[in-house]
Amino acid sequence: MKKPNAAIQDANAALEINPDSAKGYKSRGIASSMLGQWEEAAKDLHLASKLDYDEEISVVFKKVGVIFMFFLQSYLYNQIRVFSRPKWMYTDQAFFVSNLGVY
């Protein structure tokens, strides 16, 4: 697939006509994964595998799932780290303290 944006547009048009098309979800999912849109790719590939199981969907879905889970884990770790900071770190004075390396 050389043009993932065009493939997504084509898949969207096909899914408007036939929303139960596994091929449309599969194409859109693979194109989304090529663009780094991991969440959208995972959703589309999951729907495609529910509608009609295909070995290619399984292979791509496993890759997308691993990458998506890595980004989700990283995002959640950063959110926990930010929300677990003391309130004084969010003030203007915390700028000077944090630049000194004191936490």
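Scroll up to find the structure.
Cut-offs applied
- Residues numbered from 1 in each chain as written.
- Predicted model: local features only at pLDDT ≥ 70, side-chain atom pairs only at ≥ 80, totals over all residues.
- Heavy atoms only, no water.
- Helix = DSSP H or I, 4+ residues; strand = E, 2+ residues; numbered from the N terminus.
- Polar contact = N/O pair within 3.5 Å; in protein donor to acceptor, adjacent residues only side chain to side chain.
- Patch = residues over 30% accessible without salt bridge, like charges linked within 9 Å, V, L, I, M, F, W, Y side chains within 5 Å.
- Areas by Shrake-Rupley, 256 points an atom, 1.4 Å probe, with all protein chains shown as cover.
- Salt bridge = Lys/Arg side-chain N within 4 Å of Asp/Glu carboxyl O.
- Buried < 20%, exposed > 50% of the residue type's maximum accessible area, 1.4 Å probe, protein only.
- Contact = heavy atoms within 4.5 Å.

As a further point, take the side chain of Arg28. If you trace the backbone, Arg28 turns up in helix H2 (residues 22-34). Here Asp44 takes part through its side chain, which lies 2.8 Å from a polar atom of the side chain of Arg28.

On the surface, Ile67, Phe70 and Phe71 cluster together to form a nonpolar patch covering roughly 290 Å² of accessible area. In this structure, Ile67 sits in helix H4 (residues 55-83). The exposure class assigned to Ile67 is partly exposed, which follows from its relative accessible area of 30%.

A sequence separation of 20 residues divides Arg28 from Ala48, and the C-alpha atoms of the two residues are 9.7 Å apart. Dropping the residues within four chain positions of it, Arg28 is found in contact with Ile8, Ala11, Asn12, Leu15 and Asp44.

Now for the pattern of salt bridges. By the definition in use, this model includes two salt bridges. One salt bridge connects Asp44 with Arg28, and the closest N-O pair in it is separated by 2.8 Å. Linking Asp44 in helix H3 (residues 38-51) with Arg28 in helix H2, this pair joins segments that are 16 residues apart in sequence. Arg28 matches Asp44 in its accessibility class, with the two residues each being buried. Its salt-bridge partner being Glu39, residue Lys43 comes within 3.7 Å of it at the nearest N-O pair. Of this pair, Lys43 and Glu39 are both found in helix H3, four residues apart, which corresponds to roughly one turn of the helix.

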